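Results of the structural survey
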Amino acid sequence: MKGTSAALGKTLERIELVARHDLMVLVLGESGVGKELAANEVHLRSGRRGQLVSINCATLPDTLVQSELFGHVRGAFSGADRPRRGLVEQARGGTLFLDEIGEASPLLQANLLRVLQEREVRPVGTDEVRKVDVRFVAATNRELVAEVKAGRFREDLYSRMNRAV
C-alpha cells in the first residue's frame, strides 16, 4: 500500500500497530476500500513466515465447511480419494484471511470460533487433533454490532474478533 493521503497514513499506522500483536484483526469498511490490501499488509508486517491464505466466507456452502477449513482423510466421504489439508493448515505459520466474515453461515461461525479458541483442527474422518499456528484477519462491509443484535452473527465470535490492542 502506497500513497500520501492523511487517511492512508493513519491506516498504515494502525496496521503497523496491530501487525506486531498476535491477535485476530477485524478490518471494516465499505466495498472497494481495500480491505484485502489491508489484510495483506497486516500479514506482510507481522513477520510470519507462512503464506496468506484467503477464503470468501459468503461463498462457502455448509456442506463443505469442515472439509474446506480442516481438511479430510482419504475415505472420509464419497469422493475423498486422497487426504487434503484444509485452509487452516495451509495457512500454518501464516495468515488466514476471512473475507466477507459478516456473510458467514451459523455453521461456519461456530467452526471458526472453535478454531480461534482451541487453536486446533480435526480433519474430517479422523480423531486426530492437530495444533495450528495461524494468524486470523477478517473483513466485512457489514455492521457487525447490528448483526449481533439481530441474531445473525455470534456475539462470542464478534467479541473474539474485536479485541482492542
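As a reminder, the structure under discussion sits directly above these lines.
Quantities reported herein were computed from a predicted structural model and do not represent experimental measurements.

**A few points about the overall build of the protein chain**
Each helix and strand in the protein chain was counted, giving 7 helices and 8 strands. Relative to a compact globule of 165 residues, whose C-alpha radius of gyration would be 15 Å, the protein chain shows 16 Å and is just as compact. Its C-alpha atoms give the protein chain principal-axis dimensions of about 55 × 40 × 25 Å. Across the 165 residues of the protein chain, 42% fall into the buried class. Long-range contacts, defined here as pairs at least 24 residues apart, represent 71% of the contacts in the protein chain between residues at least 6 apart. For the protein chain, the exposed surface amounts to about 9,200 Å²; the carbon and sulfur share of it is 46%.

**A closer look at the sheet that holds strand 1 (residues 25-28)**
Read across the sheet, 4 strands follow the order 1-8-5-2 without closing on themselves; strand pairing throughout is parallel. Whereas interior strands pair on both sides, the edge strands pair on one side only; in this sheet they are strand 1 and strand 2 (52-56). Here the average twist between neighbouring strands, direction ignored, is 20°. Inspection of the sheet shows strand 2 paired to strand 5 (residues 95-99) by 5 bridges, in the parallel sense. Counterpart to Val-53 in the pairing with strand 5 is Leu-96. Each of strand 1, strand 2, strand 5 and strand 8 (135-140) touches helix 2 (residues 35-46); the most contacted strand, strand 8, lies at about 165° to it.

**Topic: the side chain of Glu-147**
Among the structural elements, Glu-147 can be located in helix 6 (residues 144-149). For Glu-147, a relative accessible area of 8% corresponds to the buried category.

**Things to note about unusual backbone geometry**
Both trends apply: most residues other than glycine have a negative phi, and most peptide bonds are in trans. Even without a glycine there, the phi angle at Glu-100 is positive, about 60°. Inspection of the secondary structure assignment puts Glu-100 in the loop between strand 5 and helix 5 (106-118). Given a relative accessible area of 19%, Glu-100 falls into the buried group. Even without being glycine, Arg-119 reaches a positive phi, approximately 55°.

**Looking at the nonpolar core**
Counting 32 residues, the largest nonpolar core has Val-88, Leu-96, Leu-98 and Ile-101 as the members making the most contacts within it. Listing elements by their share of this core, those giving two or more residues are strand 2, helix 3 (65-70), helix 4 (87-90), strand 5, helix 5, strand 8, helix 6 and helix 7 (155-161). It is helix 5 that provides the largest number of residues to this core, a total of 5 residues. Among residues more than four places away in sequence, those in contact with Val-88 are Leu-69, Phe-70, Leu-96, Val-115, Val-121, Val-132 and Val-134. Residues Leu-12, Ile-15, Val-18 and Val-25 belong to the second largest nonpolar core, which totals 12 residues.

**Concerning helix 1 (residues 6-19)**
Look at helix 1: 20 Å from first C-alpha to last across 14 residues, which is about the 20 Å you get at 1.5 Å a residue. Contacts made by the buried residues of helix 1 are with strand 1, helix 2 and strand 8.

**Brief notes about the pattern of salt bridges**
The full count for this structure, using the stated rule, is 14 salt bridges. The shortest N-O distance in the salt bridge between Arg-92 and Glu-89 comes to 2.9 Å. Residue class for Arg-92 comes out partly exposed when judged on its relative accessible area of 37%. Overall, the relative accessible area of 6% leaves Glu-89 in the buried class.

**Observations concerning the environment of Arg-48**
By the secondary structure assignment, Arg-48 is in the loop between helix 2 and strand 2. Not counting residues up to four positions away in its chain, the partners in contact with Arg-48 are Asp-22, His-43, Gly-93, Gly-94, Thr-95, Asp-133, Val-134 and Arg-135. Among the polar contacts made by the side chain of Arg-48, one reaches the side chain of Asp-133 at a distance of 2.7 Å.

About the criteria used
- Residues numbered from 1 in each chain as written.
- Predicted model: local features only at pLDDT ≥ 70, side-chain atom pairs only at ≥ 80, totals over all residues.
- Heavy atoms only, no water.
- Helix = DSSP H or I, 4+ residues; strand = E, 2+ residues; numbered from the N terminus.
- Rg over C-alpha atoms; globule rule 2.2 N^0.38 Å.
- Buried < 20%, exposed > 50% of the residue type's maximum accessible area, 1.4 Å probe, protein only.
- Contact = heavy atoms within 4.5 Å.
- Areas by Shrake-Rupley, 256 points an atom, 1.4 Å probe, with all protein chains shown as cover.
- Pairing = 2+ DSSP bridges.
- Axes fitted to C-alpha atoms, helices over the stretch in contact; angles between N-to-C directions.
- Core = buried A, V, L, I, M, F, W, Y, C linked by side-chain atoms within 4.5 Å.
- Expected span 1.5 Å × (residues − 1).
- Salt bridge = Lys/Arg side-chain N within 4 Å of Asp/Glu carboxyl O.
- Polar contact = N/O pair within 3.5 Å; in protein donor to acceptor, adjacent residues only side chain to side chain.

The quantities given are spatial measurements derived from coordinates; they are silent on function.
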